[in-house]
Amino acid sequence: MSYALVTGASKGIGKAIARCLAGRGYGLLLVARSEELLRENAEKWKNEYSVDVRYLSMDLSAPDSPQRVFEWVNESGVPLNILINNAGYGLWGNFHTLSLERQMNMLQINITTLVNLTHKMIPLLQKNTPAYILNVGSMAGLQAMPSVNAYSASKAFVNSFSRGLYHELKPSGIQVTVLVPGSVDTNFVEVSGMQHMEEKARRASMSAEQVAGIAVKALFNKKIAVIPGGSNRLMAFGIKHLPKFWVEKMAASLYRKREKTGSLPVKK
């Protein structure tokens, strides 16, 4: 049995991707903060899919977390075939008014932990080629996003880093895909501080299960990037071809308008 390591696997997109992989017969190594949710998921999927599921409760913002995860995976002795870098979150608000500590914690998880963990896991993946890495970026990383500035910048890094890594690792038999989702119905709203997002916008979001299915299919089809949803792909086309300043000004206006009405869109 081949195994997949999934970070942020207790809920949302990470949980949905883990379940999708279990359905394909992969053993799971789950990492997230909530031990209770990890235990529930592990027990359910063991029974439902007859696969081995192990979990590690850990705060991935801790600087030593990638090393601890690596040691856990390495000592398990299982053949690691897939790495899913899903853990991450966003914060809404102007950069200078948000807590610097909270923003640095976010950047630690979104960027530093992802890079560190990827670097440590590549040697293990190289032993079990063909192997796969899926990094969760965001459409928020396709352009500057006032009011979620540091978050969008962190996802711009993930988007770019993943595409470069695709070309570097392709000759070694490791496939890298970056998932670039738009609005997803997860707990992102509560974590980011966008609690007043209107119900209509939430209903327009794709489900985590929909996004996960598209992401896993793209990974095994060896796509360099995948943007789920036709409207999101159309929006990405516009972002790419319209003047950057105009797109950024429009994004800023949208968020200011939403702030006044007490509703904000979700970007994952």
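Everything quoted here is computed from the prediction, not taken from an experiment. (Residues numbered from 1 in each chain as written. Predicted model: local features only at pLDDT ≥ 70, side-chain atom pairs only at ≥ 80, totals over all residues. Heavy atoms only, no water.)

S.K.: A description of the overall build of the protein chain should follow, citing residues and the corresponding values.
M.R.: Within the protein chain one finds 10 helices and 9 strands. In the protein chain, which comprises 268 residues, the proportion classed as buried is 51%. Within the protein chain, contacts between residues separated by at least 24 positions form 72% of all contacts whose residues are at least 6 apart in sequence. As displayed, the protein chain has an accessible area near 12,600 Å², and 53% of this comes from carbon and sulfur atoms. (Helix = DSSP H or I, 4+ residues; strand = E, 2+ residues; numbered from the N terminus. Buried < 20%, exposed > 50% of the residue type's maximum accessible area, 1.4 Å probe, protein only. Contact = heavy atoms within 4.5 Å. Areas by Shrake-Rupley, 256 points an atom, 1.4 Å probe, with all protein chains shown as cover.)

S.K.: Explain the nonpolar core to me, and be specific about the residues and the numbers.
M.R.: Of all hydrophobic cores here, the largest spans 37 residues; its most connected members are Leu5, Val69, Val73 and Met121. Counting only elements with at least two residues in this core, the list comes to strand E1 (3-7), strand E2 (27-32), helix H3 (65-76), strand E4 (80-85), helix H4 (100-126), strand E5 (131-136), helix H5 (149-169) and strand E6 (174-179). No other element matches H4, which puts 7 residues into this core. In terms of nonpolar packing, the next biggest core, distinct from the first, is built from 35 residues, Ala16, Ala42, Val53 and Val136 among them. (Core = buried A, V, L, I, M, F, W, Y, C linked by side-chain atoms within 4.5 Å.)

S.K.: Could you give me a rundown of H5, with the residues and numbers involved?
M.R.: An ideal rise of 1.5 Å per residue puts 30 Å on 21 residues; H5 measures up with 30 Å between its terminal C-alpha atoms. When H5 is considered as a whole, its buried residues turn out to be Ala150, Tyr151, Ser152, Ser154, Lys155, Val158, Asn159, Ser162, Leu165, Tyr166 and Leu169. (Expected span 1.5 Å × (residues − 1).)

S.K.: I'd like a rundown of the pattern of salt bridges, residues and numbers included.
M.R.: Enumeration according to the criterion identifies 4 salt bridges in this entry. With its nearest N and O atoms 3.0 Å apart, the salt bridge here joins Glu48 to Arg19. Note that Glu48 is positioned in helix H2 (residues 35-49) and Arg19 in helix H1 (residues 12-23), a separation of 29 residues in sequence. Salt-bridge contacts for Arg39 lead to Glu35; the nearest nitrogen and oxygen are separated by 3.9 Å. You can see Arg39 and its partner Glu35 sitting in helix H2, 4 residues apart, about one turn around the helix. (Salt bridge = Lys/Arg side-chain N within 4 Å of Asp/Glu carboxyl O.)

S.K.: How would you summarise the sheet that holds E2 if you had to cite specific residues and measurements?
M.R.: With parallel pairing, 7 strands are arranged side by side in an open sheet as E3-E2-E1-E4-E5-E6-E9. Each edge of the open sheet is held by one strand with a lone partner, namely strand E3 (53-57) and strand E9 (225-226). In terms of strand pairing, E4 meets E5 through 4 bridges, oriented parallel. Its bridge partner lying in E5, Asn85 is registered against Asn135. Sitting on the sheet, H2 touches E2 and E3, and the angle it makes with E3 is about 180°. (Pairing = 2+ DSSP bridges. Axes fitted to C-alpha atoms, helices over the stretch in contact; angles between N-to-C directions.)

S.K.: Which residues make up the environment of Val226, and what values go with them?
M.R.: Secondary-structure assignment places Val226 in strand E9. Distance in space between the C-alpha atoms of Val226 and Gly137 is 9.9 Å, their sequence separation being 89 residues. When neighbours within four sequence positions are excluded, Val226 is seen to be in contact with Thr177, Val178, Leu179, Val180, Ile214, Ala215 and Ala218.

S.K.: Now, about unusual backbone geometry: what can you tell me, with residues and values included?
M.R.: Of note, the bond from Thr129 into Pro130 is cis; its omega dihedral lies within 30 degrees of zero at 0°. A positive phi angle, near 85°, is found at Ser147, a position not held by glycine. Among the structural elements, Ser147 can be located in the loop between E5 and H5. Here the phi dihedral of Lys222 falls at roughly 65°; this positive angle occurs in a residue that is not glycine. Position of Lys222 relative to the elements: it lies in the loop between helix H8 (208-220) and E9.

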